Amino acid sequence: MTSPRVRFAPSPTGSLHVGGARTALYNWLFARRHSGIFVLRIEDTDVERSRRELTDQILDAMTWLGLTWDEGPYFQSERSAIYAAAAGRLLAEGRAYRAFETADELEAARKAAEAAGKVYRYGGSGRSLPREESDRRAAAGEKFVIRLRMPDEPIVVQDAVQGRAEFLPDALDDFILVRSDGNPVYHFTVCVDDVEMGITHVIRGVDHLPNTPKHVALFRALGAEPPVFAHLGMILGPDGKKLSKRHGAAGAEEFRAAGYLPEALVNFLALLGWSPGEDRERMSLQEMISLFSLERIGPSPSRFDHEKLTWLNGQFLQAVAPGRLLTLLEPFGLPARDRETLERAVALHLSRCRTLRELAQALRIYGDDPTEFEAAGMKKFGKPELMTSLRALASRLAAVEPFAHAKMEDVARALAAETGVSLGSLAQPARLALTGSLASPPLFEMIEVLGKETTLRRILAFADRIEGRAGAS
RNA sequence: GCCCCCAUCGUCUAGUGGCCCAGGACGCGACCCUUUCAAGGUCGAGAUCGCGGGUUCGAAUCCCGCUGGGGGUACCA
């Protein structure tokens with residue numbers, strides 16, 4: 001393959017959702033795999049709905065994901081002259097024509113057809129209007145749209161993913177290229193741009209498949225060979241319905257905010273519809289590039305499995321260099337401790353967390369003393385009769401110097417043996433006192449990082465609290 | 001309504017006529033490790049390959065129909 005050119009063409013009417021992110025990824029992967037060019041084009045011809053800040057947000061998300069573009073971003077809103085010229089050419093060549101029906105007239109005709117139970121098709125007079133009359137009416141200032149003269153033969157779309165689809169001429173209308181206000185319509189700008197930008201492969205969602213025959217006809221009218229099409233199956237929510245905010249996070253930015261790593265999201269998205277074979281699951285971008293091919297993309301829709309993403313994220317999280325981890329954690333808030341303490345704490349909690357957010361949350365115990373204690377734990381270990389040995393543990397811990405976990409454990413085991421209690425009935429109340437929870441890293445390693453002062457303070461406060469409560473009731 | 005697409009464990013998928021009474025991963029269960037929770041390791045349950053017809057010596061793999069799901073049908077993208 002000689003240097004393909006692909007593009008990602010989002011319209012800034014929303015943020016980058018996972019479907020779009022996956023489309024961008026596949027285009028990017030394809031370009032990188034074949035040393036091609038990845039073009040970014042912003043389809044903002046719908047002035048009403050397009051917003052500049054959404055464009056910025058999309059670019060941010062792509063940068064975050066590592067999907068860097070080689071050309072662009074081009075803005076369709078800045079390319080009106082190109083579309084106007086193309087429309088003029090088509091008109092002059094008779095491949096397109098003016099139609100003078102108003103939107104209201106068309107609406108009425110559509111309604112009438114529906115009421116009669118018939119399939120609506122554009123049946124206006126524009127198609128057969130003599131050139132001179134068309135020119136005259138346009139010159140007189142009459143409003144018109146420009147429509148494409150569709151060929152009267154079937155159009156076959158040979159799709160790299162979906163296979164062959166044939167569309168009969170009856171199903172294809174002379175669709176509008178340019179609105180009566182002079183603004184070009186999506187189908188038109190896409191094709192003009194794809195031709196103009198030399199796009200060789202169009203990789204996009206299947207929702208565009210039914211539009212593809214229009215595009216094929218348009219490419220031909222424009223005098224260009226249609227590109228190779230590859231239509232990707234939809235990404236559905238866990239319930240099989242269209243993925244939306246209703247299913248939780250659906251935008252790349254939301255996953256970022258929820259503490260997901262870009263490499264995990266990208267890996268997960270890559271596997272949604274594409275498989276490298278050989279049971280490969282975890283891959284770096286580089287590996288994906290070398291393995292990627294259109295042939296291995298499946299045609300069926302897939303559901304977004306949040307659980308698997310989270311698992312993958314956990315996998316990637318474990319692999320992040322410890323130094324980089326604190327930087328990544330910063331936006332999620334870190335307790336006011338020195339860097340070394342934080343790094344030791346991270347090392348202790350990393351394997352217990354699957355997202356940055358979870359990790360940051362876990363690290364909070366190195367900041368403020370716990371004020372809430374989990375109910376199940378209190379019921380089991382918040383008993384006054386356990387406080388005696390807990391206090392004993394505290395006083396033995398106070399004597400440990402240097403404050404190292406191996407020594408603490410020896411001391412604790414000795415205490416347990418002497419008093420005939422299990423290590424667990426010593427450790428669990430301590431864990432509760434120190435973290436408010438029954439789940440934590442190995443107790444003494446955590447205590448070492450927490451520090452002697454904090455440890456003793458929390459244990460004593462907890463014992464006071466339990467005994468005080470018992471005395472009051 | 002009409003047009004188009006899709007259909008393998010709950011989910012993502014491998015599989016392109018015999019290697020498959022279907023492999024991997026997530027999730028789930030059990031066990032090991034263990035002061036708790038994870039991580040990790042081992043094992044396991046889980047799919048008559050949506051249904052019904054063909055074609056073939058032989059079909060998850062090819063063909064047809066049905067059913068189910070999705071998408072499109074705009075002077076939206």
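Residues numbered from 1 in each chain as written. Chains lettered and ligands numbered in written order. Predicted model: local features only at pLDDT ≥ 70, side-chain atom pairs only at ≥ 80, totals over all residues. Heavy atoms only, no water.

**Overview of the pairing of strand 4 (residues 96-99)**
Side-chain positions along a regular strand alternate between the two faces of the sheet.
Then, in step 1: Neither face of strand 4 is left uncovered, since the one carrying Ala96 and Arg98 and the one carrying Tyr97 and Ala99 both have all their residues buried.
Then, in step 2: Relative to strand 5 (residues 145-148), strand 4 is paired through 4 bridges, and the arrangement is antiparallel. Bridge pairing links Tyr97 to Arg147 in strand 5. (Buried < 20%, exposed > 50% of the residue type's maximum accessible area, 1.4 Å probe, protein only. Helix = DSSP H or I, 4+ residues; strand = E, 2+ residues; numbered from the N terminus. Pairing = 2+ DSSP bridges.)

**Observations regarding the sheet that holds strand 4**
Then, in step 1: Strand order in the open sheet formed by 3 strands is 4-5-8, with antiparallel pairing between adjacent strands. Both outer strands of the open sheet, strand 4 and strand 8 (176-178), are each paired with one neighbouring strand and no more. Sheet twist, expressed as the mean angle between neighbouring strand axes with direction ignored, is 45°. (Axes fitted to C-alpha atoms, helices over the stretch in contact; angles between N-to-C directions.)

**Some details on the protein's contact with RNA strand B**
Then, in step 1: Around RNA strand B, 64 residues are found, and the nearest of them are Asp46, Arg179, Arg352, Arg431 and Ser440.
Then, in step 2: In RNA strand B, the atoms that sit within 4 Å of the protein are 71% sugar and phosphate, with bases accounting for the remainder.
Then, in step 3: In this structure, Ser11 approaches RNA strand B through a side-chain N or O atom, which is 2.5 Å from a sugar or linking oxygen.
Then, in step 4: Between RNA strand B and Gln428, the relevant distance is 3.3 Å, taken from a sugar or linking oxygen to a side-chain nitrogen or oxygen of the residue.
Then, in step 5: When residues of the surface near RNA strand B are traced back to their parent elements, those giving at least two are helix 4 (103-115), strand 7 (163-167), helix 6 (186-196), strand 12 (302-303), helix 11 (306-319) and helix 18 (423-435).
Then, in step 6: Among the elements that line the surface near RNA strand B, the one with the most residues is helix 18, at 5 residues.
Then, in step 7: Considered class by class, the residues forming the surface near RNA strand B number 24 nonpolar, 18 polar and 22 charged. (Near = heavy atom within 4 Å. Polar contact = N/O pair within 3.5 Å; in protein donor to acceptor, adjacent residues only side chain to side chain. Nonpolar A, V, L, I, M, F, W, Y, C, P; charged D, E, K, R; others polar.)

**Regarding the packing of helix 16 (residues 384-399) against helix 17 (residues 405-419)**
Then, in step 1: Running from N to C, helix 16 and helix 17 point in directions that differ by 140°, and their axes come no closer than 10 Å. In this structure, the crossing between helix 16 and helix 17 has a hand that is right-handed. Contact with helix 16, carried on its side by Ser389, Ala392, Leu393, Arg396 and Leu397, involves Met408, Val411, Ala412, Ala414, Leu415 and Glu418 of helix 17 and no other residues of that element.
Then, in step 2: Considering only residue class, the contact of helix 16 with helix 17 consists of 8 nonpolar, 1 polar and 2 charged. (Left-handed = near helix turned anticlockwise from the far one by under 90°. Contact = heavy atoms within 4.5 Å.)

**A short note on the pattern of salt bridges**
Then, in step 1: Counting across every chain of the model gives 33 salt bridges.
Then, in step 2: Its salt-bridge partner being Arg339, residue Glu343 comes within 3.3 Å of it at the nearest N-O pair. With Glu343 and Arg339 both in helix 13 (residues 339-349), this residue pair falls 4 residues apart, about one helical turn.
Then, in step 3: The exposure class assigned to Glu343 is partly exposed, which follows from its relative accessible area of 33%.
Then, in step 4: Take Arg339: its relative accessible area is 48%, and that puts it in the partly exposed class.
Then, in step 5: Here Arg413 ties to Glu409 by a salt bridge, and the two come within 2.8 Å at their closest N and O atoms. Here the residue Arg413 and the residue Glu409 both occupy positions in helix 17, the gap between them amounting to 4 residues, near one helical turn.
Then, in step 6: Shared partners join several salt bridges into a network, and the residues in it are Arg7, Arg41, Glu43, Arg79, Asp193, Asp194 and Glu196. (Salt bridge = Lys/Arg side-chain N within 4 Å of Asp/Glu carboxyl O.)

**Considering the side chain of Thr189**
Then, in step 1: Tracing the chain through its elements places Thr189 in helix 6.
Then, in step 2: Overall, the relative accessible area of 0% leaves Thr189 in the buried class.
Then, in step 3: Side-chain polar atoms of Thr189 contact the side chain of Gln76, separated by 3.4 Å.
Then, in step 4: Filtering out sequence-adjacent residues up to four positions away, Thr189 remains in contact with Thr45, Gln76, Tyr83 and Pro184.

**Considerations on the domain arrangement of chain A**
Many structure descriptions define interface size as the accessible area lost when the parts assemble.
Then, in step 1: When cut into domains, chain A gives domain 1 (245-318), domain 2 (322-366) and domain 3 (375-472).
Then, in step 2: Spacing between the C-alpha centres of domain 2 and domain 3 amounts to 23 Å.
Then, in step 3: Listed as interface residues are 9 residues of domain 2 and, on the opposing side, 11 residues of domain 3.
Then, in step 4: Buried area between domain 2 and domain 3, both sides added, is near 870 Å², and the carbon and sulfur share of it is 62%.
Then, in step 5: On the domain 2 side of the interface with domain 3, the three residues burying the most area are Arg344, Leu348 and Ile365, jointly 56% of the side's total.
Then, in step 6: At the junction of domain 2 with domain 3, the criterion picks out 1 salt bridge.
Then, in step 7: Close ionic contact of Glu448 with Arg344 constitutes a salt bridge, the shortest N to O distance being 2.7 Å.
Then, in step 8: Connecting domain 2 to domain 3 are 3 residue pairs in polar contact (both at pLDDT 80 or more).
Then, in step 9: In terms of residue class, the side of domain 2 that touches domain 3 is made up of 4 nonpolar, 2 polar and 3 charged. (Domains from an automatic or database assignment. Buried area = accessible area lost by both parts, 1.4 Å probe.)

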